[in-house]
Amino acid sequence: MIPVSESSVQLPADKTHENSMENSWQILLKESQISPEALIKELELPETYLEGAKAGHQLFSLRVPKPYRDRMQKGNPYDPLLMQVLPLQQETLDVPGYVQDPLEESGSNPIPGLIHKYKSRVLLVGSGACAINCRYCFRRHFPYADNGLSNERIEQVVEYLQGQPAINEVILSGGDPLATPDNRLRNLIGKLAEVRHLKRLRIHTRLPVVIPQRITDELLEMLSESRFKVIWVMHINHANEIDTAVQNAVKQLTEQGMTVLNQSVILKGVNDSLSALTQLSETLFDTGILPYYLHAFDPVKGASHFDVSDQEAIELWHELQKELPGFLVPKLVREEPKREHKTMLLY
Ligand code: SF4
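Keep in mind that this is a model prediction, so the values were computed, not measured.

Procedures and definitions
- Residues numbered from 1 in each chain as written.
- Predicted model: local features only at pLDDT ≥ 70, side-chain atom pairs only at ≥ 80, totals over all residues.
- Heavy atoms only, no water.
- Helix = DSSP H or I, 4+ residues; strand = E, 2+ residues; numbered from the N terminus.
- Contact = heavy atoms within 4.5 Å.
- Pairing = 2+ DSSP bridges.
- Axes fitted to C-alpha atoms, helices over the stretch in contact; angles between N-to-C directions.
- Near = heavy atom within 4 Å.
- Nonpolar A, V, L, I, M, F, W, Y, C, P; charged D, E, K, R; others polar.
- Buried < 20%, exposed > 50% of the residue type's maximum accessible area, 1.4 Å probe, protein only.
- Right-handed = clockwise from strand over helix to strand, strands pointing away.
- Parallel < 35°, antiparallel > 145°, perpendicular 65-115°, else oblique.
- Left-handed = near helix turned anticlockwise from the far one by under 90°.
- Polar contact = N/O pair within 3.5 Å; in protein donor to acceptor, adjacent residues only side chain to side chain.
- Phe/Tyr/Trp six-rings, centres within 6.5 Å; stacked < 30°, edge-to-face > 60°.
- Lys NZ or Arg CZ within 6 Å of the ring centre and 35° of its normal.
- Core = buried A, V, L, I, M, F, W, Y, C linked by side-chain atoms within 4.5 Å.
- Arc of directions from axis to C-beta.

## Let's talk about the environment of Leu 280
Move 1: By secondary structure assignment, the location of Leu 280 is in helix α11 (residues 274–286).
Move 2: What Leu 280 contacts, discounting residues up to four positions off in sequence, is Ile 236, Asn 237, His 238, Ala 239 and Ser 264.

## What about the sheet that holds strand β6 (residues 259–265)?
Move 1: The nine strands lie next to each other as β1-β2-β3-β4-β5-β6-β7-β8-β9, forming an open sheet whose pairing is mixed. Each edge of the open sheet is held by one strand with a lone partner, namely β1 (114–115) and β9 (343–344).
Move 2: Most of the contacts of helix α7 (residues 182–192) go to strand β3 (residues 169–174), to which it runs at about 155°, and overall it touches β2 (121–127), β3 and β4 (200–205).

## Concerning the site of the ligand
Move 1: Near the ligand the following residues occur: Cys 130, Ile 132, Asn 133, Cys 134, Cys 137, Gly 175, Arg 206 and His 235.
Move 2: Considering only residue class, the shell around the ligand consists of four nonpolar, three polar and one charged.

## Focus on the pairing of β4
Move 1: Taking burial as the measure, the six residues of β4 include five buried ones, the bulk of the element.
Move 2: As paired strands, β3 and β4 are joined by four bridges and run parallel to one another. Counterpart to Ile 171 in the pairing with β4 is Arg 202.
Move 3: Regarding the hand of the β-α-β motif, the stretch spanning β3, α7 and β4 is right-handed.
Move 4: Both β4 and strand β5 (residues 229–234) contribute to a ladder of six bridges, which runs parallel. The residue bridging Leu 201 from the neighbouring strand is Val 230, located in β5.

## A few points about the packing of α11 against helix α12 (residues 310–323)
Move 1: Across the interface, α11 lies against α12 with an axial gap of 10 Å and an inter-helix angle of 50°. Comparing their axes, α12 and α11 come out oblique. Seen along the crossing, α11 lies across α12 with a hand that is right-handed. Two secondary-structure elements touch here, α11 through Leu 274, Leu 277 and Thr 278 and α12 through Leu 316, Glu 319, Leu 320 and Glu 323.
Move 2: Considering only residue class, the contact of α11 with α12 consists of four nonpolar, one polar and two charged.

## Topic: the packing of helix α6 (residues 151–162) against α7
Move 1: Axis separation between α6 and α7 bottoms out at 10 Å; the angle between their running directions is 25°. Relative to α7, the element α6 is oriented roughly parallel. α7 is crossed by α6, and the crossing has right-handed handedness. Residue-level inspection shows Asn 151, Ile 154, Glu 155, Val 157, Val 158 and Leu 161 of α6 in contact with α7, the latter providing Arg 184, Asn 187, Leu 188, Lys 191 and Leu 192.
Move 2: Split by residue class, the contact of α6 with α7 holds six nonpolar, two polar and three charged.

## Regarding the side chain of Arg 140
Move 1: Here Arg 140 shows up in the loop between β2 and α6.
Move 2: Looking at Arg 140, its side chain comes within polar contact range of the main-chain oxygen of Arg 135, at 2.9 Å.
Move 3: Apart from residues lying up to four places away in sequence, Arg 140 is in contact with Leu 59, Phe 60, Glu 91, Arg 135, Val 300, Lys 301, Gly 302 and Ala 303.

## Considering the packing of aromatic side chains
Move 1: Here the structure, examined in full by the defined rule, presents five aromatic pairs.
Move 2: Here Tyr 98 and Phe 297 contribute two aromatic rings whose centre-to-centre distance is 6.5 Å and whose plane-to-plane angle is 50°, an arrangement assigned as tilted. Of this pair, Tyr 98 sits in the loop between α5 (66–69) and β1 while Phe 297 sits in the loop between β7 (290–295) and α12, and the two are 199 residues apart along the sequence. Each member of the pair, Tyr 98 together with Phe 297, is buried.
Move 3: In this structure, Arg 139 packs its charged tip against the face of Phe 142, placed 5.7 Å from the ring centre.
Move 4: Over the face of the ring belonging to Trp 25 we find Arg 214, whose NZ or CZ atom lies 3.8 Å from the ring centre.

## What to know about the nonpolar core
Move 1: The biggest cluster of nonpolar side chains holds 79 residues, and the ones touching the most others in it are Leu 124, Leu 161, Val 170, Leu 192, Leu 223, Trp 232 and Met 234.
Move 2: Residue contributions to this core peak at five residues, all from α6.
Move 3: Counting 15 residues, the second largest nonpolar core, distinct from the first, contains Ile 266, Ala 313, Leu 320 and Val 329.

## Here we look at helix α10 (residues 244–254)
Move 1: Taken together, the buried positions of α10 are occupied by Ala 245, Val 246, Ala 249, Val 250 and Leu 253. The buried residues of α10 occupy an angular sector of 135° when projected down its axis, which confines them to one face.
Move 2: The inward-facing, buried residues of α10 contact α8 (207–210), α9 (217–225), β5 and β6.
Move 3: Here α10 starts with a cap whose side-chain oxygen sits 3.1 Å from the backbone nitrogen of Ala 245, and that cap is Asp 243.

## As for α9
Move 1: Burial in α9 covers these residues: Leu 219, Leu 220, Met 222 and Leu 223. Along the axis of α9, the buried residues cluster in a sector spanning 165°; they form a single face. Exposed side of α9, more than 90 degrees from the buried face: Asp 217 and Glu 225 are the residues found there.
Move 2: Summarising the contacts, the buried residues of α9 are in contact with α7, β4, β5 and α10.

Honestly, it's all geometry; don't read function into it.
Put into structure tokens, the structure is as follows:
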């Protein structure tokens, strides 16, 4: 294993994706679908990876935007960004204990597009699309087609929320809610604003990390005009995911007074080391993002090779506490089916 994380934590320079129209976020999103052959060629990886990549791609398609690919080290199959997106032969293994719906979300799905697990908040499947397909995703088998938010379904969601006065927060998730064009987002947020007992809007997204151009003036305007308190929860697993374009995108959010948090997943070979997690927290904070959650791996079918035992995760977390000030240590949690809150992993 090449210890890439230690050697390459300096922020790579932004590669001028920002200005030319040709690279607007929607074009980058469209072009994020790439074949295993093209990715292996572009990143100068050994041909021996092709067969496995094709097999994994059949199960869950390969999708990685160019700005994110540009942060990877060429010729390095162990690059921590590449390892999150490169399909592998291991995905075809049927490993006991790794299932299609590890969080049993189908049991908390009262109406299409809405997941209601907790007392005061609900999650909306803002989009079934993502700009990047993360191989470890606990929703890689999620029935997005049955949960798309059409205008009609948005009306159903509003009706449902009107009847739930205890709910004061909506989490826009997915898929990635920012894969939705601004005009549709504006419509959704406008409809939600009709529900007077809603106070906060949380946006769970990877888009500003993988396509920083997604932070458009229209999006900023729409969110700052809305009556909601807006909280962003980014999904960043390694310091190398943050370059100057990501820093600039986050700066636009914090300059609008919006809170930006981060949740990561502890992943074997990606960030399961003290130096990687320390550097992640430091780089997040330098970027204006507060480390919030470090999730234990959800045992999803096709991704068992990412699993880190709770014992290892807890030991690493205790080391992190010695290394960092408290405000930089994310909470180590596990999401468990049918629980009314996340479980802190401690001993
Ligand atoms: S839902 Fe999130 S974790 Fe899953 S593939 Fe999309 S961006 Fe990745």
